[in-house]
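Fold and geometry: a report
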Amino acid sequence: MDDSLSHRASESTDDASNDSPGSWDADGPSDSSPPGEVGVRIHDASQPFPNPTIGSSKTYRFNVIASPEPDASMVDVAPKVEELDDTDDLQSIKPVGVETGTHATTSTNTADSTATPVNVPRKRGRPRKHPLPIPGGQVKITKGRSKTGCITCRRRKKKCDETKPSCLNCQKNAVVCEGYPPKEIWRSGKQKLEDAARSQSIITRSLPLLIDGIETDIDRRLLDHFVYGFSRVLTLINDDSNPFKEILLPMATQHRGLMHSLMCLSGSHLSVLDPEPRVKERKYYHFHRAIRDLKDNITASSSSQPGEEPELLVEDPIIASTIALSLNTICEGETKGEYRPHMDAARYLLVTQKPRNEKFRQFIVEFFQYHDVSNSITSLDRRPALLHGELRLPDFVPHAQAGMFLGVFDGLFNYISDVTRLRDRIRQRFDEGYEPAVDYQILSDAVSIDSAIRTWETSHPPNTPNWSLAQLYRQSTWVYLYRTIRPSRPSDKIAQVVDDGLEYLDQLPQDSGAFSIVLMPLFLLGCSAFLPRQRERIHKGFEALKAYSNLRNIEPAFKVVERVWEVMDTKTEESWDWEKIIQEMNMDFLIT
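- The chain carries the name Zn(2)-C6 fungal-type domain-containing protein in an unreviewed UniProt entry, which gives Aspergillus ochraceoroseus IBT 24754 as its organism.
- For the record of the chain, the UniProt heading Subcellular location (unreviewed entry) holds the text "Nucleus".

Structure representation (structure tokens):
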């Protein structure tokens with residue numbers, strides 16, 4: 001059935017014609033109806049015959065606009081109900097009893113209020129792609145969530161005003177604005193594939209090491225500590241002419257084994273100030289590499305054909321490496337004789353060959369003799385090599401000021417070696433039971449040494465730190481001689497010399513290079529301090545030296561001095577032989 005027939009069939013009349021409005025089903029205009037309002041009952045199309053008692057039809061009201069004074073000719077004219085062009089308009093018609101704006105009314109018929117909606121047939125044709133907007137309403141456009149807000153607002157799920165560099169919303173809420181994520185440039189799938197292929201084809205190449213042995217950030221830190229910190233505690237010289245910086249370090253840049261030795265030395269000293277695990281790790285790494293490179297160089301240089309003389313080791317950096325490894329035992333505070341193989345190797349190399357570089361030879365011979373002579377003061381079997389012959393100093397050395405250590409160039413260490421030989425003779429006579437242990441020949445030699453010490457003068461100018469250090473060495477050398485041939489008991493002579501030596505020690509500035517080599521004279525004064533007031537000053541001197549140099553051999557040296565004091569207070573005569581006391585303590589270390 002088409003729309004027009006369906007529409008006509010839905011109009012219901014109760015035995016009245018459609019010629020006039022008054023013939024409509026009891027819904028015509030009445031005296032109580034508002035003017036211009038007409039009620040129309042529309043029958044449901046699903047019922048073939050309308051039944052007024054069932055109430056299957058629905059009542060609708062129309063507003064008919066008429067002139068204020070109706071014409072008589074218009075009374076008999078029925079209003080024209082035009083056919084709707086679009087059946088969708090029927091859905092906007094509200095049944096009686098449902099509010100429709102300001103003209104909504106309620107039907108008096110109870111059946112009308114419960115009527116079912118009008119069944120409008122489906123419209124022909126394709127449905128609309130975009131539905132018509134609802135009259136009188138505003139279409140809400142759904143927007144996606146913005147992804148351009150700051151990181152803080154997005155995490156807090158708050159709206160961001162996207163103010164740069166930090167949004168005002170975060171400032172208003174007193175929170176830290178974390179800024180905005182970096183913008184990602186859109187790339188197509190083809191571009192992504194090209195980038196992936198390009199990244200796979202990139203070859204990463206690292207730069208080679210500039211200096212062999214300096215490989216990590218910790219190594220660079222060790223190098224800086226060696227140049228600006230550690231080198232100043234080894235010699236008198238505190239400026240750029242320090243031989244460790246001027247001679248050894250440039251040599252190490254050309255020799256990997258020597259660089260490993262110096263970095264191990266620097267790491268041992270730095271680990272006292274900063275016990276960082278990485279520093280200790282690199283220290284042990286450089287130590288093992290230095291030992292391995294030293295063995296490899298010795299093996300390669302000494303290899304020879306059967307029947308040929310082995311070739312001597314002629315590289316100066318190898319000699320310097322042995323010296324550096326012996327110094328490492330001082331930094332570590334090792335007391336079990338770990339320095340011995342390194343000192344023996346340096347002695348052998350210096351005796352069997354001559355270093356090529358004369359400036360290096362001057363430094364290394366002086367350095368070795370200083371430690372070799374000092375080592376004889378604390379050991380029974382380590383005796384210094386002769387200062388003449390193969391180990392004589394270079395002839396071009398003009399005076400003592402050219403030296404890096406005090407007492408080596410100007411002969412004072414000769415007197416210390418002579419006193420050591422006197423002690424060996426006295427110890428031998430005492431062990432063999434000779435009385436007296438100090439015979440006339442020993443006394444004669446002691447008087448000659450005493451005269452040489454009294455006339456000895458340093459070339460350093462007076463009232464300077466090096467001059468005060470030279471006087472301290474002179475006092476301690478005389479104390480060493482007195483404690484060797486005189487009975488081991490308190491006396492005014494030994495007390496006066498110890499007090500004078502401590503006065504010279506107090507004159508040394510705490511930051512001067514001269515303070516770096518006072519351990520040996522301080523040890524000799526400590527082994528001769530019979531008075532409690534002197535022992536207290538000796539203790540302060542050890543503490544000041546430890547604070548300056550941070551070398552770990554200072555602590556075991558003071559332990560030996562304290563043990564000597566205990567022997568002084570119980571068995572006075574045996575306190576002179578501190579070498580034997582050190583051996584009984586099962587200790588063996590360098591006192592430099």
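A few points about the overall build of the chain
- A tally of regular secondary structure across the chain gives 20 helices and 2 strands.
- Burial analysis of the chain (592 residues in total) assigns 42% to the buried set.
- In the chain, the proportion of contacts linking residues at least 24 apart, taken out of those at least 6 apart, comes to 68%.
- For the chain, the computed accessible surface area is about 35200 Å², with 52% contributed by carbon and sulfur atoms.

Let's talk about unusual backbone geometry
- Residue Pro165 is bonded to the preceding Lys164 through a cis peptide linkage, with omega at 0 degrees.
- Within the secondary structure, Pro165 is located in the loop between helix H3 (151-156) and helix H4 (168-172).
- Put simply, Glu435 and Pro436 share a cis peptide bond, and its omega is -10 degrees.
- Locating Pro436 in the fold gives a position in the loop between helix H13 (412-432) and helix H14 (440-455).
- One non-glycine residue, Glu162, adopts positive backbone phi at about 60 degrees.
- Along the chain, Glu162 falls in the loop between H3 and H4.
- With a phi close to 60 degrees, Asn586 is a non-glycine residue in the positive phi region.

Some details on helix H17 (residues 519-526)
- Burial within H17 is extensive, with 8 of its 8 residues counted as buried.
- For H17, the set of buried residues is Leu519, Met520, Pro521, Leu522, Phe523, Leu524, Leu525 and Gly526.

Concerning the UniProt feature "domain: Zn(2)-C6 fungal-type" (unreviewed entry) in the chain
- The sites that carry the UniProt feature "domain: Zn(2)-C6 fungal-type" (unreviewed entry) are, in the present numbering, residues 149-177.
- Measuring from the first to the last C-alpha atom of residues 149-177 gives 11 Å, for a span that is 38% helix and 0% strand.

So, how was this worked out
Residues numbered from 1 in each chain as written. Predicted model: local features only at pLDDT ≥ 70, side-chain atom pairs only at ≥ 80, totals over all residues. Heavy atoms only, no water. UniProt positions renumbered as here; feature names shortened; annotations may be inferred. Helix = DSSP H or I, 4+ residues; strand = E, 2+ residues; numbered from the N terminus. Buried < 20%, exposed > 50% of the residue type's maximum accessible area, 1.4 Å probe, protein only. Contact = heavy atoms within 4.5 Å. Areas by Shrake-Rupley, 256 points an atom, 1.4 Å probe, with all protein chains shown as cover.

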